[in-house]
Amino acid sequence: ATAKWNWKWKWFKEILPSHNLIREDIYIISKLDPTCGSYEEAMGSVEVTLRNLQTDYVDAMLLFWPEQRYLAGTEPEYAMLECYKALEDLHKMGKIKNIGAYKFSTEQLKFLLRECKVLPAMLQAEFHPYFYRKSLVDVCVITPLECRHFVLSSVWKTL
């Protein structure tokens, strides 16, 4: 996974040729900058990621729920929908193969599912024996359509 604030993209462009790999051999997941609060900012953030990685597309782009402190008075729901619309448009253009959600609560995920046109392909959320989120799992599997499209990732520290 890569992100604007993550150093990993710096070595990505060197690793492919040194290991006799081509772009299609690597599955790239990146995260939209969590400070994005508008359609334009989301479009720009993805373009920066693509430029830094020197690639035409990423296999998946994850969307954070926007943090209120970065939104300058904009409601988080509105900012999230604006950013998600940008990701949907980039998906149509082929620059993002899959869209995902990152650290969404159950209610935030329900809101997204009601409003989006392209269902998220994955959800990355904290989920482990000490933080079992049945309501989040239920949202992911409640209908056959959602069940086909969701992957619930486990994000937690080793014991």
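Definitions and limits used
In every chain, residue numbers begin from 1 and rise along the written sequence. Two thresholds apply to this predicted model, a pLDDT of at least 70 for residue-level local features and 80 or more for giving and counting side-chain atom pairs, whereas whole-chain, interface and lining totals are computed over all residues. The side-chain numbers reported here are obtained from all heavy atoms of the structure, hydrogens and water having been left aside. Each helix is a run of DSSP H or I of at least 4 residues and each strand a run of E of at least 2, with the numbering of both proceeding from the N terminus. Criterion for a salt bridge: a side-chain nitrogen of Lys or Arg within 4 Å of a carboxyl oxygen of Asp or Glu. The rule is simple: take the accessible area with a 1.4 Å probe, protein chains only, and divide by the maximum for that residue type; under 20% is buried, over 50% is exposed, in between is partly exposed. Note on method: axes are straight lines fitted to C-alpha atoms, helices fitted across the in-contact stretch only, with angles between N-to-C directions ranging 0 to 180 degrees. Note that the term roughly parallel is reserved for angles under 35 degrees, roughly antiparallel for angles over 145, roughly perpendicular for angles of 65 to 115, and oblique for everything else. In this scheme the handedness of a crossing depends on how the near helix is turned from the far one: anticlockwise by less than a right angle means left-handed, clockwise means right-handed. Every residue pair with non-hydrogen atoms within 4.5 Å of one another is taken to be in contact. Cysteine sulfur atoms that come within 2.5 Å of each other are treated as a disulfide pair. For this analysis, a nonpolar core means a set of buried residues of the types Ala, Val, Leu, Ile, Met, Phe, Trp, Tyr and Cys, connected via side-chain atoms within 4.5 Å. One requirement defines pairing of two strands: DSSP has to find at least two bridges between them. A crossover gets the label right-handed when its path from the first strand over the helix to the second runs clockwise, viewed with the strands pointing away from the viewer.

Draft legend 1. Looking closely at unusual backbone geometry. Its identity as a non-glycine residue notwithstanding, Gln-54 has a phi of 50 degrees, on the positive side. Relative to the helices and strands, Gln-54 is located in the loop between helix 2 (39-53) and strand 3 (60-64). Even without glycine at this site, Lys-103 takes up a positive phi of about 60 degrees. Relative to the assigned elements, Lys-103 resides in the loop between strand 4 (99-102) and helix 4 (106-115).

Draft legend 2. Focus on the pattern of salt bridges. Enumeration according to the criterion identifies five salt bridges in this entry. We note a salt bridge from Lys-110 to Glu-107, for which the minimum N-O separation is 3.6 Å. Taken as a pair, Lys-110 and Glu-107 lie in helix 4 at a separation of three residues, close to a single helical turn. Looking at Lys-110, the relative accessible area reads 36%, which means it is partly exposed. Taken together, the shared-partner salt bridges in this structure form one network comprising Lys-85, Asp-89 and Lys-92.

Draft legend 3. Structural detail: the packing of helix 2 against helix 3 (residues 76-92). For the pair helix 2 and helix 3, the least separation of the axes is 7 Å and the interaxial angle reads 45 degrees. Classified by the angle their axes make, helix 2 and helix 3 are oblique. Where helix 2 crosses over helix 3, the two elements pack in a sense that is right-handed. Contact residues: Tyr-39, Ala-42, Met-43, Val-46 and Glu-47 in helix 2; Glu-82, Cys-83, Lys-85, Ala-86, Leu-87, Asp-89 and Leu-90 in helix 3.

Draft legend 4. Inspection of the state of the cysteines at higher detail. The tally for this structure, following the rule as stated, stands at zero disulfides. The thiol sulfur of Cys-83 is not disulfide-bonded, and the nearest other cysteine sulfur, from Cys-36, lies at 5.3 Å. Its relative accessible area of 0% is what places Cys-83 among the buried residues.

Draft legend 5. A look at the nonpolar core. Ranked by size, the top nonpolar core spans 34 residues in total, and within it Leu-32, Leu-87 and Phe-104 carry the most contacts. Of all the elements in the fold, those that place two or more residues in this core are helix 1 (9-18), helix 2, strand 3, helix 3, strand 4, helix 4, strand 5 (122-125) and helix 5 (134-141). No other element matches helix 3, which puts six residues into this core. Discounting residues that sit within four places of it in the chain, Phe-104 has contacts with Leu-63, Phe-64, Trp-65, Met-80, Leu-109, Leu-112, Leu-123, Arg-133 and Leu-136.

Draft legend 6. Spotlight on the pairing of strand 3. Of all five residues making up strand 3, five are buried, and the element is well covered by its neighbours. The alternating pattern of strand 3 places Ala-60, Leu-62 and Phe-64 and Met-61 and Leu-63 on opposite faces, both of which are buried. In terms of strand pairing, strand 2 (residues 29-31) meets strand 3 through three bridges, oriented parallel. Residue pairing in the sheet places Ile-29 in a bridge with Ala-60 of strand 3. Traced from strand 2 through helix 2 to strand 3, the parallel crossover comes out right-handed.

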